[in-house]
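Residue strings, one per chain:
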Amino acid sequence: MTNNNNTNSADSNQPLKNYRVLDLSRIWAGPYCTKLMADMGAEIIKMESLSVYDSNRGPINPARGIAAYPDGEPGDEPWNRNGWFNCLHLSKYGITLELTSETGRNVFDQLVSISDVVIENFRQGSLERLGYSYETLRRLRPDLIYVSMPAFGNSGPWQKYLAYGIGQEQLSGMAHMTGYRGEGPMKSGINHGDPITGSHAAGVLLAALRYRKRTGKGMYIDVSQQESAVSLIGADVLAYQLTGEEPQRRGNRSPYFAPHNSYRCAGEDRWVAIAVTNDEEWRQLAQLVGGSELSADPRFATLAGRLENEDQLDDLISGWTVDKKAYDLCHLLQREGVPASPVMGGPDLLADPHYAARGTFVRVNHEQVGEKTYPGIPWKMSATPGKARWASPTLGQHNRQIYGELLAMPTDDITALEEQGIIGTIPTGSRII
Amino acid sequence: MTTESSNNGSLPGLLEGVRVIDLTHYISGPYCTKLMATLGAEVIKIERPGSGDPIRRFGPFAEALTPAPIPQDEGSTVAGAWFLYLNTSKKSLTLDLHSDAGKDILRSLVSSAQIVVENFAPETMDKLGLGYSDLEKLNPSLVMTSISNYGQTGPYRDWKATELNLYAAGGLMYITGEPDSEPLKEGAPLAQLGAGQTAFVATMGALMHAEDTGHGQHIDLSIADYATNILENAMMQYSYSGEEYTRVGNRGYGRAAWGIYPCQDGYVGIISGPDTRWPEIAGIMEREELSDPRFASRNGRLMNADEVDALMLPWLLDHDKVDIFKAGQEAGLGFGFVATMEDILEMEQLTARNYFVELDHGAAGTFKYPGAPIRTTSSTSSQSPPSQGGEESASPLTKGGAHGGRPQGSAQDHWVYRRAPHLGEHKEEILGVALGHPAAEIARLRDQGVI
């Protein structure tokens, strides 16, 4: 690997093979953005601090038995063995660097000068306090694309506030719309704010790289994670203005389709999701649930009738599904043209024949973890399929490679940086939310 | 400002010059092409003659309309909230893809375009003779993006599904809701919308590759695959230790004092991390008992979760959501509150940043639309950074000194907002100007029901 040559010679056909991203982002939103770019062959250099590494690596000294570690065992270097971190950094390079010394800052300047993109999701203003703004970074790289993604953007009265994906679900209105009927709002099982922003940022960042190629112009990209989340659900913001009515929490029900719910099946916590979208699908489902008597029942023949009697329908369907296996039901219902799917948990997903056939999940070997299953690339491209090129980097794994080969730093200088604690592979602290 | 279109900045859209043939309907595909259209691409939405995108008929509407109207005519302005939002800045052309003349027009359009996006059931395009293998012969650098429920391959390829089914099959539903109740989907269709976002990312990458190499390609994006891609912790916990991630209601997984709580006028989000910040919460909530060392660590709070909740609730129920949110934020805690649509439209942060775009649709009325999801401000020159010191220059970025080095571009730079199109609104422009059909030919196509 040299300054001007690409590091990905084995994947020379990838769409983003000529782009280098200096990635200071942590946790999820930023790393998901650069994961999508890594999936298309971009060279992602993830830079962490030895005192404040990416908190998704977990605490420096965690208790045993936490399920994010292989078999619950954190091992000698737990920061390298956390699945939450390791699923988001496949095919990225990992380096460490402290910006607290002049030497470290000189190295950072060199990294910026050879990068197409710098991306960070620190609390607003954190990088500026270290003396790095878009303007100062542009002096190092005039056509730089700089992506800054604090919680609420880089202006306005809330710019210093912080929020995680869970907070964005609340502040964007998503949580307000989610929940059981008649009950309070409910958070999702994940934190949707993060991947939504990561994905929005990745798409716009690619459009900006393309624009730069045509015009030579760099770009300042100011991401408010909140604006990104509200933009996704804008139809509901419009709906409120059209009617003056706030969205209702409907559980799994829909104003457009009925019946429409998850129903208990045989086994512990096993469920099937069934959605009837028209009268014909209802007749097919009803025939299975209650024979021709139910299928012909005029009370349920139309959507309006089914919506009016939905409690009764849900009871009837639950009574039918409760002693049957979810997967068997899905195959049966799909044969009859009724939309149905298993409510899949982890074991279902990893054993499912459809996902296996599509290669949705990938097996990757990690030097400190062994071979494990990870989410793969979320699309299939016919000409440039891409692949998980290597496992997530251990802390500082690629220091010698990036500093030695990319920056052409003599070995003695790298050793000196290690001795001064400016780079390294063993953390000095951690800060976990 | 109230206009049919809005581009606050004078800068062109980032994707100006890119033509997209948009064969999408409902939610996932239209969100993908909405991102392209509002970034300045010319998105030509092909709709079925006489009825259009079925989501035109999904309410709510400006007036209570039951049953929902079916657009019968060219120029129909029927459009519920979903259509209005998901189709801003697009052009509409009606086209019967089952007719030979309709296919010919589509082929001409595809020959002139860089991108095709479709979200029909798999094989629909092939059966029409308009699959990728057909279209790439017309346009070798074409990027064709197909979004579908379960993808173009695999044993569930032809399974029928709604958002409910995809949220379930993608693993997101099993982990949402109360442990003793049924698994719950999100209120908003986040699997379909997220898949549309992700298809946009992939399409941008493939477009760059096509422009670099001359080679287009076909992208197969499955909504279910997308859902599995964002499982993060839930997926990895099982993969690493075999321990299943389950539903925990409103408590964070493996956490307490972390989630949604009731307050005086609604609901707030309490985030009790990092541990070093926990003592602040006892101060904010005026409850000395919360400083108990038993609650000082994440694990300690988890072991005593009910007790912690009981200590917090009286203060929460006595205070307003925005006050609680700000009290936490001012103390460095990432508190949130459950915003209603009314809250969002009035939110001081969004207003201060000029986030909303006001568009007049005519028939549906004038409303505030959520604006650019991501703000972009291009530098004026690639060669020299802006001048230093107090010296003024022509660059819009020169306020850097006063704003900590942050350019103060317009909220919607590079984003172009126009109201959603009426059915077939742009046929003269597209057939006449873009494809060069004479007016008599367009009239003949209309008489034949092709458009």
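How each quantity is defined
Residues numbered from 1 in each chain as written. Chains lettered and ligands numbered in written order. Predicted model: local features only at pLDDT ≥ 70, side-chain atom pairs only at ≥ 80, totals over all residues. Heavy atoms only, no water. Helix = DSSP H or I, 4+ residues; strand = E, 2+ residues; numbered from the N terminus. Buried < 20%, exposed > 50% of the residue type's maximum accessible area, 1.4 Å probe, protein only. Contact = heavy atoms within 4.5 Å. Areas by Shrake-Rupley, 256 points an atom, 1.4 Å probe, with all protein chains shown as cover. Pairing = 2+ DSSP bridges. Right-handed = clockwise from strand over helix to strand, strands pointing away. Buried area = accessible area lost by both parts, 1.4 Å probe. Salt bridge = Lys/Arg side-chain N within 4 Å of Asp/Glu carboxyl O. pLDDT = per-residue confidence, 0-100.

**Focus: the overall build of chain A**
Line of reasoning, step 1. Assigned secondary structure in chain A consists of 18 helices and 12 strands.
Line of reasoning, step 2. Along the first, second and third principal axes, the C-alpha atoms of chain A reach 85 × 50 × 45 Å.
Line of reasoning, step 3. Burial status across chain A gives 64% buried among its 433 residues.
Line of reasoning, step 4. Long-range pairs, those at least 24 residues apart, make up 70% of the contacts in chain A between residues at least 6 apart in sequence.
Line of reasoning, step 5. Of the roughly 14300 Å² of accessible surface on chain A, 47% is carried by carbon and sulfur atoms.

**Remarks on the pairing of strand 1 (residues 20-23) of chain A**
Residue and element names in this part refer to chain A.
Line of reasoning, step 1. Burial along strand 1 is two-sided: Arg20 and Leu22 and Val21 and Asp23, pointing in opposite directions, are all buried.
Line of reasoning, step 2. Strand direction decides the pairing type here: strand 1 and strand 2 (residues 43-48), joined by four bridges, are parallel. By the bridge assignment for strand 2, Arg20 is matched with Glu43.
Line of reasoning, step 3. The parallel pair strand 1 and strand 2, bridged by helix 1 (residues 29-38), forms a crossover whose chirality is right-handed.
Line of reasoning, step 4. In this structure, strand 1 lies alongside strand 4 (residues 117-120), joined through three bridges in parallel fashion. Bridge pairing links Leu22 to Val118 in strand 4.

**Here we look at the interface of chain B and chain A**
Line of reasoning, step 1. In this assembly, 163 residues from chain B lie in contact with 165 residues from chain A.
Line of reasoning, step 2. A buried area of about 14300 Å², summed over both sides, lies between chain B and chain A, and 62% of it is on carbon and sulfur atoms.
Line of reasoning, step 3. Here chain B is connected to chain A by 10 salt bridges.
Line of reasoning, step 4. Residues Arg358 of chain A and Asp225 of chain B are paired through a salt bridge, measuring 3.0 Å at the closest nitrogen-oxygen approach.
Line of reasoning, step 5. Pairing of strand 12 (residues 380-381) of chain A with strand 7 (residues 217-222) of chain B involves two bridges; the strand directions are antiparallel.

**Description of the confidence of the model for chain B**
Residue and element names in this part refer to chain B.
Line of reasoning, step 1. Put simply, chain B has an average pLDDT of 89, and 90% of its residues get 70 or more.
Line of reasoning, step 2. Contacts of residues 381-402 to residues separated by more than four positions or lying in other chains number 32 contacts, the stretch itself having pLDDT below 50.
Line of reasoning, step 3. With a pTM of 0.94, the predicted complex shows an ipTM of 0.96.

**Observations regarding the sheet that holds strand 8 (residues 258-263) of chain B**
All names here are of chain B.
Line of reasoning, step 1. Here we have three strands laid out as an open sheet, ordered 8-9-10, and antiparallel in their pairing. Of all the strands in the sheet, the pair left with one neighbour each is strand 8 and strand 10 (336-337).
Line of reasoning, step 2. With two bridges joining them, strand 9 (residues 266-271) and strand 10 adopt antiparallel strand pairing. When the bridges of strand 10 are listed, Gly269 appears paired with Gly336.

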